[in-house]
Amino acid sequence: MKLSYIKFLGLLSLSALVMGLSFPFTGGIFILAFIGLIPLFLFNSELNDNNVKLKGLKRFFGNYLFFFIYNVFVTWWIYNASPEGGYMAFFFNSLLMVIPFHLYAFIDKHLGKFKGFVAFITLWLTFEHIDHFWDLSWPWISFGNIFGNQPMLIQWYEYSGIAGGTLWVLLANLFGFMIVRNLWFKKENVKLQTPFFVLIALTITLPIISSLIMFYTYEEKVDPVNVVIVQPNIHPWVKDTNEPGQKWTMPDSEQTNKILTLAESKITASTDLVVCPETAITAYASEESLDFLNASVKIKQFSSEHFNVPFLIGANTYNKFTTERPYPAQHKGDFWYENYNTSLLIDANNPIDIYHKSKLVLGPEKLPFVDIFPFMAQLSVDLEGTSSGLTENGKAQTFEAKGVKFAPLICYESVYGEFVSNFTAIGAEFLCVITNDGWWHNSPGYQQHNMLSQIRAIENRRSVARSANTGISCVINQRGEIQERLNWDVEGAIAATLNKNKDITFFMKYGDLIGRVAIFMVLGLLLYAFVTMLKFKKQPKPKA
C-alpha cells in the first residue's frame, strides 16, 4: 500500500468528518459531499491491489471506522431521546454499511477494475434502497438527503428521488478518486487527467443547471387550500434534562384547551383544515368509544362553533380483541390489545376518520425480526408518547376535508420517499406531517427531520402542512421551499394558503427506479463473479 494502514485510518477519520460536515445542520457544506468519499475509494482500491496480511479484517475495521464517525457526527442527537436507539444507530448501522464494501472487493477481485467500480456504485445504491424496506431500516443519513435543504439544486428529485442524489455523490467521488489515484499513486502527468476533470465538472454542474432551470420555470397551479397549523410547544422533557416534561404532567384537558385556543386565533370562515401535532391527545383511547373521548367531544363542539372546520390531530389509540392476536398485541386478562400511533380527522358532522402509523421507529415503536426471535419482544423501550410494541397499518390512506384529499403522515413516515408517494398515488392532493420533535432537544435532529419534508414536496410536487408539538411547524410549497414557519420552542399557530395538486410525477409512478435497477445489476455482477471464481478453481494447476 502506498500509505501505511495507520495513515489510511487517519485519512478515513478525516474524510468521515468531511462527509459529516456536508450533511444539513451538522455543517451543511454540501459541496464537501463531492470529495468526502475519495479516501474511502482509495482505501478499498489499495487493499484490492496489494497483498496485505489480514486484508478482510483491515477492510472491515477501516470502513467501520469511517461509517461509525459519520453516523455519530450526523445523528448524535438520537442519544438525547433514547440511549439505546443511539447505540443501535451508531454501532449497528455502521456495521451494516460495511457490507457493500466486502462484496465490492469480491467482485473487483474476480471481474476486474471497471466492473468493480460499477459494483461499488450499484452496491451502495442497493444498500440504500433495501434500507427503506427491511426491519432494520434507517435511511435518514442516505447520501441523497445531503442536499435536502438546498431545494433549488434537487428539483429533478421528482424523477429520481434521493437515489439520484446518492448517485450524484458517488459518481463525483469516483472521478475524483481516479484523479487522485493517477496523480498521487501512479505519478501520472496532470494533462492526462483532463478527461476526468471534465467528467467531474460535468457531473457536478449539469444536475445543478438542470435543477435551476426546473426551479425557475416550475409554476404551481393556483388551487388554494386554507390551513391553520398549530404548534402548542408542550415539551416532553424538562429543558436540558430527560425528566418528564409538560406533555406528561399537564392534564389532557389543558393540552386540548391550549390547542383549541391557538387554533381559534387563526381560524376564519375560509379555513379548510386545522393541523395539530402527533399524539396531541395523550390519553390512551379505545377506538370503539372515540366519539365519547373528552378531547373528541371538545373538538367536535369547537368545530360546530367555528364553521365546521375539521381537525387533523394525533392520538394514542387501541383496539381490544377477544381472540388471540400476534405480536405486538399485548395479552392482558381475557383480551388482546393492539396499540397504535394514530391520526384522527375530527369535525362536527362526520364520523371520526382513523389512520394508524405504518412506518414505526425502530426501538421505541417496534423491534426487528420478532417473528424469528420472539424473545426480542421483551426489549422494547418507551418513547413518542406511545407504548412499546405498536401495531402498524401497512397501507397508504387518505383523509378528506371539505372535498380535498390529503395524506395524514405521522412523524417518521416522512423519511420514506417511496412510501409517501403511495399516498399521492391514491389521490392525496397535499401532504400533512404531524410530529413530536421535542425528544431530541434543541439539536440538528428536528431540523433534519423538517428538511426531509422538503424533499417529499419535490418528489411528489405536493405542498406540505407540517405541525410539530415543538420543533418546526411550517408550510412547504411544491418546489420544496419553506413559505412560513414557527421555529423551535415557539408557541403559536400559522394561517396559510397552500396549493393542492393532482398531477402525477415520474417518481410517484415508478418509485425508486434507480435502486431497483441497481439491485438487478448487483445480482448479475455477483453471479458473474461467483461463476468466474468457480471456473478459476476448476482450472488445472500447472505442473511443477
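Along each chain, residue indices are assigned from 1 in the same order as the chain's sequence is written. Only residues with pLDDT of 70 or above have their local features reported here, since the model is predicted, and side-chain atom pairs are shown and tallied only from 80 upward, although totals for entire chains, interfaces and linings are computed over all residues. In computing side-chain properties, one takes all heavy atoms of the structure into account and sets aside hydrogens as well as water.

Draft legend 1. Layout of the overall build of the chain. Strands are runs of DSSP state E lasting at least 2 residues, helices are runs of H or I lasting at least 4, and numbering of each runs from the N terminus. Scanning the chain from terminus to terminus reveals 16 helices and 14 strands. Both definitions apply: the radius of gyration is a C-alpha atom measure, and the globule rule equals 2.2 Å times residues to the power 0.38. Over its C-alpha atoms the chain spans a radius of gyration of 25 Å, differing by no more than 12% from the 24 Å that the globule rule assigns to 544 residues. The principal-axis extent of the C-alpha atoms belonging to the chain is close to 95 × 60 × 40 Å. The buried share of the chain, taken over its 544 residues, is 59%. Long-range contacts, defined as pairs at least 24 residues apart, comprise 72% of the intrachain contacts of the chain with a sequence gap of at least 6. We get accessible surface area from the Shrake-Rupley algorithm with a probe of 1.4 Å; when it comes to residues, only the shown protein chains can shield them. Accessible surface computed for the chain: about 22,600 Å², of which carbon and sulfur atoms make up 62%. Charge counting treats Lys and Arg as positive and Asp and Glu as negative, with His and both chain ends excluded. The atom standing in for a charge is NZ when the residue is Lys, CZ when it is Arg, CG when it is Asp and CD when it is Glu. In the chain, the 44 positive side-chain charges and the 45 negative ones have mean positions that sit 16 Å from each other. Only protein chains enter the accessibility calculation, which uses a 1.4 Å probe; a residue is then buried when its area is under 20% of its type maximum, exposed when over 50%, and partly exposed in between. Contact criterion: two residues are considered in contact whenever any of their non-hydrogen atoms come within 4.5 Å of each other.

Draft legend 2. Geometry of the side chain of S160. Considering the arrangement of structural elements, one finds S160 in helix α7 (residues 157-160). Relative accessible area serves as the criterion here: at 11%, S160 is assigned to the buried category. Beyond its immediate sequence surroundings of up to four residues, S160 is in contact with F507, D512 and I514.

Draft legend 3. Main features of the packing of aromatic side chains. A pair of Phe, Tyr and Trp rings is counted when the ring centres sit within 6.5 Å of each other, with Trp represented by its six-membered ring. The angle between the planes then sorts it: under 30 degrees is stacked, over 60 is edge-to-face, the rest tilted. Applying the stated rule across the entire model yields 45 aromatic pairs. Against the face of F321 rests R325, its NZ or CZ located 4.1 Å from the ring centre. The cationic tip of R479 hangs over the ring face of F215; the distance from NZ or CZ to the ring centre is 4.2 Å. Only Lys NZ and Arg CZ are tested; either one counts as a charge over a ring when it is within 6 Å of the ring centre and within 35 degrees of the ring normal.

Draft legend 4. Region of the structure containing empty space enclosed by the protein. Cavity: a set of points on a 1 Å grid over the protein atoms alone where a 1.4 Å probe fits but cannot get out. Pocket: an open set with protein on both sides within 12 Å along at least five of seven lines, its lining residues, like those of a cavity, having an atom within 4 Å of a point. Grid points are joined across faces, edges and corners, and a volume is the space filled by probe spheres set on the points. Across all of its chains, the model carries 4 cavities of 30 Å³ or more by this definition. Lining the largest cavity we find 24 residues, and of these I78, G85, W138, V361 and L362 sit closest to its centre. The set of elements that each furnish at least two residues to the lining of the largest cavity consists of α4 (78-81) and α5 (83-111). Tallying contributions element by element places α5 first for the lining of the largest cavity, with 6 residues. By volume, the second largest cavity is sized at about 150 Å³. In this structure, the second largest cavity is lined by 16 residues; those nearest its centre are H129, H132, I162, A163 and D512. Going through the elements one at a time, α6 (113-130), α8 (162-185), α13 (417-425) and α14 (444-460) are the ones with two or more residues in the lining of the second largest cavity. At 3 residues, α6 tops the list of elements feeding residues into the lining of the second largest cavity.

Draft legend 5. Spotlight on the confidence of the model for the chain. The predictor rates its confidence in each residue with pLDDT, a number between 0 and 100. Looking at the chain as a whole, the pLDDT averages 92, with 96% of positions reaching at least 70. With pLDDT under 50 throughout, residues 381-387 is counted as low confidence; its partners more than four residues away or in other chains account for 32 contacts.

Draft legend 6. The arrangement of helix α11 (residues 252-264) in detail. Take the residue count of a helix, subtract one, and multiply by 1.5 Å to get its expected span. In a regular helix each residue adds 1.5 Å, so 13 residues correspond to 18 Å; α11 covers 18 Å between its end C-alpha atoms and thus fits that length. Taken as a whole, α11 has its buried residues at Q255, T256, K258, I259, L260, L262 and A263.

Draft legend 7. Local environment of the pairing of strand β11 (residues 464-468). Burial of β11 is extensive: 5 of the 5 residues sit out of reach of the surface. Taking every second residue as pointing to the same face, both faces of β11 are buried, with V464, R466 and A468 on one and A465 and S467 on the other. Pairing of strand β10 (residues 430-435) with β11, which is carried by 5 bridges, proceeds in the parallel orientation. In the strand pairing of β11, L431 is matched with V464. In this region the chain leaves β10, passes through α14 and returns to the parallel neighbour β11; the handedness of that crossover is right-handed. Paired strands, in this sense, are two strands between which DSSP finds at least two bridges. Two strands pair when backbone bridges link them, and β11 and strand β12 (residues 473-476) are joined in this way by 3 bridges, in the antiparallel orientation. Each residue of the ladder has a partner; that of R466, found in β12, is C474. Counting the residues that bridge the hairpin from β11 to β12 gives 4 residues, and of these G471 lies at a positive phi of roughly 140 degrees. The handedness of a crossover follows from its direction of travel: if, with the strands pointing away from the viewer, the path from the first strand over the helix to the second runs clockwise, the crossover is right-handed.

Draft legend 8. Just the pattern of salt bridges, in detail. By definition here, a salt bridge exists when the distance from a side-chain nitrogen of Lys or Arg to a carboxyl oxygen of Asp or Glu is within 4 Å. This model, assessed by the stated rule, comprises 12 salt bridges. A salt bridge links E491 to K258, with the shortest nitrogen-to-oxygen separation between them at 3.0 Å. Note that E491 is positioned in the loop between β13 (482-486) and β14 (492-499) and K258 in helix α11, a separation of 233 residues in sequence. For E491, a relative accessible area of 46% gives the class partly exposed.

Draft legend 9. View of the layout of surface pockets. Its volume calculated, the largest pocket comes out at about 560 Å³. Every residue lining the largest pocket is counted, 28 residues in all, and those nearest its centre are D135, L360, K366, L367 and E392. Tallied by class, the residues present in the lining of the largest pocket amount to 15 nonpolar, 6 polar and 7 charged. Here the second largest pocket defines a volume of roughly 200 Å³. Amino acids outside the nonpolar list (Ala, Val, Leu, Ile, Met, Phe, Trp, Tyr, Cys, Pro) and the charged list (Asp, Glu, Lys, Arg) are all regarded as polar, and Gly is one of them.

Draft legend 10. Just the environment of E491, in detail. Residues E491 and N233, spaced 258 residues apart in sequence, show a C-alpha to C-alpha distance of 5.1 Å. Ignoring anything within four residues of it in the chain, the contact list for E491 reads Q231, P232, N233, K258 and L262. Pairs of N or O atoms are called polar contacts if they sit within 3.5 Å, as long as, within protein, a hydrogen donor faces a hydrogen acceptor (for residues adjacent in sequence, only side-chain-to-side-chain pairs). Only 3.0 Å separates the side chain of E491 from the side chain of K258, close enough to count as a polar contact.

Draft legend 11. Expanded view of unusual backbone geometry. For the peptide bond that leads from Y327 to P328, omega is 20 degrees, which places it in the cis range. Here P328 shows up in the loop between β4 (311-321) and β5 (330-332). Phi is positive for K187, close to 55 degrees, though the residue is something other than glycine. Assignment of secondary structure puts K187 in the loop between α8 and α9 (194-217). Unlike most non-glycine residues, H441 shows phi in positive territory, near 60 degrees.

Draft legend 12. Fine view of the nonpolar core. Joining through side-chain atoms within 4.5 Å is the link that ties buried Ala, Val, Leu, Ile, Met, Phe, Trp, Tyr and Cys residues into a set, and such a set is a nonpolar core. Core analysis: the biggest nonpolar cluster contains 125 residues, and Y70 and L273 have the highest contact counts within it. Excluding residues that lie within four positions of it along the chain, L273 makes contacts with N226, V227, V228, V309, P310, F311, L312, L345, A401, F406, F430 and C432. Counting residues in each nonpolar core, the second largest holds 25 residues, with L260, F302, I313 and A315 among its members.

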